[in-house]
Amino acid sequence: DGIAPPQRMLFPPEKISVSWRRSRSVGAGLRNLGKTCFLNSVLQCLTYTPPLANYLLSGEHSQSCGEKGFCMLCRMETHIKQVLSQGGGAVAPVAVWNDLRRIGEHFCYGRQEDAHEFLCCTVAAMQTACLNGSSHLDTSLQATTVIHQIFGGFLRSRVTCLSCQAVSESYKGFLNIPLEIEAASSVPGTLEQFVRPKLPDGDNCYKCSKCEKMVPVSKRFSIHRAPKVLTIALKRFADFTSGKISKHVSYPEYLDLRAYMSQPVGEPVLYSLYAVLVHRGASGHAGHYFCFTKASNGRWYEMNDASVELRNMKTVLSQQVYLLFYVR
């Protein structure tokens, strides 16, 4: 499909299960350790990510991990086992909190941080743990870790020369997709914008290998390989210190990605919503994060730090959402 195949697999894809291996009651809430709602809400969304939880609950990682220092997968395994083994109550996420600066060196204790940034750093740290420090591995091989096979996909960038119509294509891995919301009021609308060709804006010039000169181009992104778990971030903050775009953006319980793929015709690429993360407040530094997750028993719960409350689908779909989590 245009992407070089890996020479070997770092993790067997057939061992990844996107459905819960067993049903259990909802787990514990998370105590707030001082402006840690960003961390608590992300951890709850990851805890209820079926393929990740299945893998970590199996203990396979910790049994084979040789890392003597910090390992994000070991931290997550400890955390998920602790949360899901408790039916009710609340636990303190100290195993993760104590390593906040290792997850992202720019994070500060006692300061509200951006939940999307914390999610990106946490997933990246789990990916690093899979690679055993071998960041020199080629892109195709890095994409075969258990983490990239769960959260990762590939985007295709197609650049068309508007002078001679020559086409150039490149591929880039992703672990989540940030979407602009200023000109759209629904997630399908933001995805349509994402894959719409971008025309020249004056600075959008490119050295065409056929024309051999700088020319105006059209650039179009599409989803080339869809992930098992699709994480969408709605870009509510121009940057984290600025105000927030507070408009309501609707999102479906079931999402078909087919229309946004490099091959837009074919079988549906269907996803089911299993977690939403909400930001309440006027800016990133002055708000509160909480989330709604679908437990392995099929029921939805609002998770607001230590509080865990049963909720219905209508409530889940009516939030001013910031992050969306879908599973195939």
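In this convention, every chain numbers its residues from 1, walking through the sequence in written order. Local features in a predicted model are, by the rule used here, given only for residues with pLDDT of at least 70; side-chain atom pairs are given and counted only at 80 or more, and totals for whole chains, interfaces and linings are based on all residues. Water and hydrogen atoms were dropped before computing side-chain values, which therefore reflect all heavy atoms in the structure.

Under the annotation held in an unreviewed UniProt entry, the protein carries the name UBP42 hydrolase and is attributed to Nothoprocta ornata.

Draft legend 1. Seen up close, the pairing of strand 11 (residues 287–294). By the bridge criterion, seven bridges tie strand 10 (residues 270–281) to strand 11 in an arrangement that is antiparallel. Opposite A275, over in strand 11, you have T293 as the bridge partner. Examined bridge by bridge, strand 11 and strand 12 (residues 300–304) share four bridges and lie antiparallel to one another. Counterpart to T293 in the pairing with strand 12 is Y301. Here, a strand pair is defined by DSSP locating no fewer than two bridges between the strands. Numbering goes from the N terminus for both helices and strands, where a helix is a DSSP run of H or I of at least four residues and a strand is a run of E of at least two. Hairpin remark: strand 11 followed by strand 12, antiparallel, with five residues in the connecting loop; positive phi at G298, about 85°.

Draft legend 2. Expanded view of the packing of aromatic side chains. Aromatic rings from Phe, Tyr and Trp, with only the six-membered ring used for Trp, were paired whenever their centres fell within 6.5 Å, and each pair was classed as stacked if the ring planes differed by under 30 degrees, edge-to-face if by over 60, and tilted otherwise. Within this structure, the stated rule accounts for 10 aromatic pairs. On the basis of an interplanar angle of 15° and a centroid distance of 6.0 Å, the ring pair of F194 and F221 is categorised as stacked. Here the residue F194 occupies a position in helix 10 (residues 187–195), and F221 occupies one in strand 7 (residues 213–225), the gap between them amounting to 27 residues. Note on exposure labels: buried denotes an accessible area under 20% of the residue type's maximum, exposed denotes more than 50%, and partly exposed covers the range between, all computed with a 1.4 Å probe on protein chains only. Here F194 falls in the buried class, since its relative accessible area comes to 16%. Three or more aromatic residues joined by ring pairs make a cluster, and in this case those are F38, F107 and F118.

Draft legend 3. The arrangement of the pattern of salt bridges in detail. For salt bridges, the criterion is a side-chain nitrogen of Lys or Arg within 4 Å of an Asp or Glu carboxyl oxygen. Throughout the structure, instances matching the rule amount to nine salt bridges. Where E60 meets K15, a salt bridge forms, and the shortest distance between an N and an O atom there is 2.9 Å. Taken together, the positions of E60 in helix 3 (residues 60–64) and K15 in the segment before strand 1 (29–30) put the pair 45 residues apart, joining distant regions of the chain. For E60, a relative accessible area of 27% corresponds to the partly exposed category. For E169, the salt bridge identified is with R156, shortest N-O distance 3.6 Å. Of this pair, E169 sits in strand 4 (residues 167–174) while R156 is found in strand 3 (residues 153–161), placing the two residues 13 residues apart along the sequence. Among the residues examined, E169 registers a relative accessible area of 33% and is labelled partly exposed.

Draft legend 4. The sheet that holds strand 6 (residues 205–208), seen in detail. Judged by pairing direction, the sheet is antiparallel, and its four strands sit side by side in the order 4-3-7-6 without closing on themselves. Taken across any chain shown, the strands that pair with only one partner, and hence form the sheet edges, are strand 4 and strand 6. On average, each strand axis in the sheet is inclined to that of its neighbour by 45°, with strand direction left out of account. Pairing of strand 3 with strand 7, which is carried by eight bridges, proceeds in the antiparallel orientation. Looking across to strand 7, one finds that T160 is bridged to S218. Lines fitted to the C-alpha atoms define the axes, with helices restricted to the stretch that makes contact. Angles between their N-to-C directions range from 0 to 180 degrees.

Draft legend 5. Representation of helix 2 (residues 50–57) in the model. Of all eight residues in helix 2, seven are buried, a share of seventy percent or more. Those residues of helix 2 lying buried are P50, P51, L52, A53, N54, Y55 and L56. One or two steps after helix 2, the chain reaches G59, where phi turns positive at roughly 75°.

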